[in-house]
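So the chains spell out like this:
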Amino acid sequence: MTTNRTPFVAANWKMNGTGEFCAQYFKSFHANTQIAPLLANDATTQDKAVEVLFAVPFVFIEAVRRLLLATHSPFHVAAQNVAAAEAGAFTGEVSAKMLEDLGVAWTIIGHSERRTLFGDDDETVFGKVQAALRHSLSVILCVGETLEERRAEATEAVVERQLGKFLHAAADGTLLPNDASSPIGTRIVIAYEPVWAIGTGVTPTEGQIAAAHAHIRRLCVKHLGGTAGGSVRLLYGGSVTAANCRSIAPIAEVDGFLVGGASLKADDFASIVHSKLELVPKPK
Ligand code: PGA
């Protein structure tokens, strides 16, 4: 199925890497035969075929940004988290303004590891989304059910609850100015990541992924209308690998991936990016 939404593939390195790892990683990523054409002089047109970003630990953001700039790479560096507060006595936190100053365009918010290990509840997650959008950061907002919730057939209700505040605020215009200069589809991407699939090697069936994505699309369209709701990219995340990405990539409403473990291997991540690129119709 073709849509006019630009496919979007994001790497989530989590708390991994060293300075040396970053340098080696981008050397092999950029040398990858599938990715190299995207770095050619016509990258501006090719770039639009798929949006690629790397959510790396805060301490590597500047190094990765420089590595990407040095190769005129069309790919972006992103953060994995951001503070809800603007500034002040919040030891260890990093604000949206700081990331904006660094030239970071995207951040992940509400990842299940933040929710379960660091206590980010729906309220906190919404505060972080507001903080990011007040500045120039766009957001990958993560949602997804636990195994108990899936067994209790609560997947749809959980996702609806997790998206609730965001969808209501986006609908009533309090989240973003509802005008063409700031279209919601360029500022928010939603990642459906069932908690039981993250880092486990277990992936949902294609039917389960299709059903969850269709539900999220329905919620977006219901609250935001057909045009805005239809413009939000929906990513699948949870044990995506170079081996399984080609069976997930064509599923309706899967506009791309959020990739954890497999994104640490440059060639595997390149192959995952390519699985989305292969589905983009070639210009005549
Ligand atoms: P995984 O992680 O690909 O290692 O399952 C995905 C994520 O946490 O975003």
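Look a little higher up for the structure.
Source: prediction; values computed, not measured.

**Details of the side chain of serine 239**
Line of reasoning, step 1. Here serine 239 shows up in the loop between strand E7 (233-237) and helix H11 (245-248).
Line of reasoning, step 2. There is a polar contact of 2.7 Å between the side chain of serine 239 and the backbone nitrogen of glycine 201.
Line of reasoning, step 3. With residues near it in sequence (within four places) discarded, serine 239 still touches Ala197, Gly199, Thr200, Gly201, Val202, Thr203 and Asn244.

**Considering the packing of aromatic side chains**
Line of reasoning, step 1. Across all of its chains, the model carries 15 aromatic pairs by this definition.
Line of reasoning, step 2. An angle of 65° between the planes, with centres 6.4 Å apart, marks the rings of phenylalanine 54 and phenylalanine 75 as edge-to-face. Note that phenylalanine 54 is positioned in strand E2 (residues 51-55) and phenylalanine 75 in the loop between helix H3 (61-70) and strand E3 (76-79), a separation of 21 residues in sequence.
Line of reasoning, step 3. Through a chain of ring-to-ring contacts, the aromatic side chains of Trp13, Phe21, Tyr25, Phe26, Phe29, Phe54, Phe75 and Phe269 assemble into a single cluster.
Line of reasoning, step 4. The ring centre of phenylalanine 118 lies 4.1 Å from the NZ or CZ of arginine 114, which sits over that ring.

**Considering the site of the ligand**
Line of reasoning, step 1. Residues in close proximity to the ligand total 13 residues, the closest being Lys14, His111, Glu193, Gly199 and Ser239.
Line of reasoning, step 2. Lysine 14 has a polar side-chain atom sitting 2.7 Å from an oxygen atom of the ligand.
Line of reasoning, step 3. Note that an oxygen atom of the ligand is positioned 2.7 Å from one of the side-chain N or O atoms of glutamate 193.
Line of reasoning, step 4. Starting from 280 Å² of accessible surface for the ligand in isolation, the protein chains cover 96%.
Line of reasoning, step 5. A class-by-class count of the residues in the shell around the ligand yields four nonpolar, seven polar and two charged.

**Overview of the sheet that holds E3**
Line of reasoning, step 1. What the eight strands build is a closed barrel, ordered E1-E2-E3-E4-E5-E6-E7-E8; its pairing is parallel. If you compare each strand with its neighbour and ignore which way they point, the axes differ by 25° on average.
Line of reasoning, step 2. Alignment of E7 against strand E8 (residues 256-259), held across three bridges, turns out to be parallel. In the sheet register, leucine 235 faces E8, and the bridge partner there is glycine 256.

Rules of the game
Residues numbered from 1 in each chain as written. Predicted model: local features only at pLDDT ≥ 70, side-chain atom pairs only at ≥ 80, totals over all residues. Heavy atoms only, no water. Helix = DSSP H or I, 4+ residues; strand = E, 2+ residues; numbered from the N terminus. Polar contact = N/O pair within 3.5 Å; in protein donor to acceptor, adjacent residues only side chain to side chain. Contact = heavy atoms within 4.5 Å. Phe/Tyr/Trp six-rings, centres within 6.5 Å; stacked < 30°, edge-to-face > 60°. Lys NZ or Arg CZ within 6 Å of the ring centre and 35° of its normal. Near = heavy atom within 4 Å. Areas by Shrake-Rupley, 256 points an atom, 1.4 Å probe, with all protein chains shown as cover. Nonpolar A, V, L, I, M, F, W, Y, C, P; charged D, E, K, R; others polar. Pairing = 2+ DSSP bridges. Axes fitted to C-alpha atoms, helices over the stretch in contact; angles between N-to-C directions.

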